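Structural characterization, general
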Amino acid sequence: QFGLKFSPRISASISYVGIKGEKEVKPGIIAGIVTDEENACLVATVRILYTDRPKVITESETGTFRFDDLKPGIYEVYALSEGYINLSNKVTVTSDKTTYVEFRMKRKERETGDFIGNVFDIETKAPVVAKLSLIKIELTVTSEITGLFEFNNLEPGVYEIKAEAEGYETGYYPEVIESNEKTEVEIGMVKRGAVITLKGIKFDFNKAIIKPESYPILDEAADILKTHPDIKVELQGHTDSVGSDAYNLKLSDARAKSVRDYMIQKHNIDASRLSAQGYGERKPIGDNRTKEGRNQNRRVDFHILK
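Everything quoted here is computed from the prediction, not taken from an experiment.

The rules behind each value
Residues numbered from 1 in each chain as written. Predicted model: local features only at pLDDT ≥ 70, side-chain atom pairs only at ≥ 80, totals over all residues. Heavy atoms only, no water. Pairing = 2+ DSSP bridges. Helix = DSSP H or I, 4+ residues; strand = E, 2+ residues; numbered from the N terminus. Axes fitted to C-alpha atoms, helices over the stretch in contact; angles between N-to-C directions. Salt bridge = Lys/Arg side-chain N within 4 Å of Asp/Glu carboxyl O. Buried < 20%, exposed > 50% of the residue type's maximum accessible area, 1.4 Å probe, protein only. Phe/Tyr/Trp six-rings, centres within 6.5 Å; stacked < 30°, edge-to-face > 60°. Lys NZ or Arg CZ within 6 Å of the ring centre and 35° of its normal.

1. Brief notes about the pairing of strand β9 (residues 131–134)
- Of the pairings in the sheet, the one linking β9 to strand β10 (residues 139–142) comprises four bridges and is antiparallel in character. Paired with Leu134 across the strands is Leu139, a residue of β10.
- Linking β9 to β10, which pair antiparallel, is a turn of four residues; within it Glu138 sits at a positive phi near 55 degrees.
- As judged from the four bridges shared by β9 and strand β12 (residues 157–164), these two strands associate in the antiparallel manner. Each bridged residue has a counterpart across the sheet, and for Leu134 the counterpart in β12 is Ile161.

See the structure below:
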């Protein structure tokens, strides 16, 4: 019995000493500041990784931040600010103390690209001296006598190049700049009042049905309309002299209208910008007595209206 009574007293004594000697653990604080390399304060997002603590945004005036009520231990604090390289710091939090941390952010290197271009007459391929403007950033250069030009150190994105030259229609060419890339640009200038022959346009025999192999040629012609939104065009149909004048006039007119319909339906060109007219055999450019001449006369012309 004596042994049974004595055992509980020893147990109670040990338990009491353990509670009385235990040191109270208080939470700590992480506080800090985010600046750039010139010590200017930054607005930044700061997080404590691998915890459920919500992110904080630094004060705009002072660049400071603070996390309260943190259990003692090691934390990884992460800071990010637009245009700067993200940083992280490992921080040791101790009981009832504030641990200070400073983030000095380094600006990201600016990623840019270039335009390298060539300006030429769309018919003769001769170089053209033109004024070229990037509408987005109001930057202008003039092409060299060789037609070459450059725009350098541009932010990645979509740009519209406006091309102007004496005696030519003003064109607008959308182009994309990729980071650390040189984008080659070809700008074909269209003379005012020009008549461009769409070489290689073919139709079914004695019909106005366009052959599929002609589509790429028509697509290039549609690009002229897209890059020159202010011009209006008369699509002119022509034939050789085989057959009656009345028949050729009717056939050429139907073929010109087929080309007009293609531009409207396939490329969504505004119908008010396009007219179609057949001229039959009345405007030959080749000798109808030869096969080669007749081939030249069977054509569709793209007449830029003044």
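2. Topic: the sheet that holds strand β1 (residues 28–36)
- Reading across the sheet, the three strands line up as β4-β1-β7 and stay open at both edges, with mixed pairing between neighbours. Two strands bound the open sheet, and with one partner strand each, they are β4 (64–70) and β7 (98–105). When strand polarity is set aside, the average angle formed by the axes of neighbouring strands in this sheet is 15 degrees.

3. What about the pattern of salt bridges?
- Within this structure, the stated rule accounts for 11 salt bridges.
- Of the charged contacts, one joins Lys211 and Asp204 as a salt bridge, the two residues approaching to 3.4 Å between their closest N and O atoms.
- Using a relative accessible area of 25% as the deciding quantity, one classes Asp204 as partly exposed.
- Here Arg298 makes a salt bridge to Asp240, at a shortest N to O gap of 2.5 Å. Taken as a pair, Arg298 in the loop between α4 (291–297) and β18 (299–304) and Asp240 in the loop between β16 (233–238) and α3 (245–267) lie far apart in primary sequence, 58 residues in all.
- With relative accessibility at 37%, the residue Arg298 sits in the partly exposed group.

4. Remarks on unusual backbone geometry
- At Tyr50, a position not held by glycine, the phi torsion is positive, near 65 degrees.
- For Tyr50, the location among the structural elements is in the loop between β2 (45–48) and β3 (56–57).
- By relative accessible area, Tyr50 is classed as exposed at 76%.
- Here Asn268, not a glycine, exhibits a phi torsion of approximately 55 degrees, which is positive.
- In this structure, Asn268 sits in the loop between α3 and β17 (274–278).

5. Remarks on the packing of aromatic side chains
- Applying the stated criterion across every chain, the model contains five aromatic pairs.
- With centroids separated by 5.9 Å and ring planes inclined at 85 degrees, the aromatic side chains of Phe115 and Tyr159 adopt a geometry described as edge-to-face. Placement of the pair is Phe115 in strand β8 (residues 113–121) and Tyr159 in strand β12, with a sequence separation of 44 residues. Both residues of the pair, Phe115 and Tyr159, belong to the buried class.
- Look at Phe149 and Phe151: their rings are 6.0 Å apart centre to centre, the planes differ by 70 degrees, and that puts the pair in the edge-to-face class. In this structure, Phe149 and Phe151 share a single accessibility class: buried.
- By the ring-pair criterion, three or more aromatic residues cluster together here, those being Phe65, Phe67 and Phe103.
- The aromatic ring of Tyr159 is capped on one face by Lys136, whose charged end is 4.7 Å from the ring centroid.

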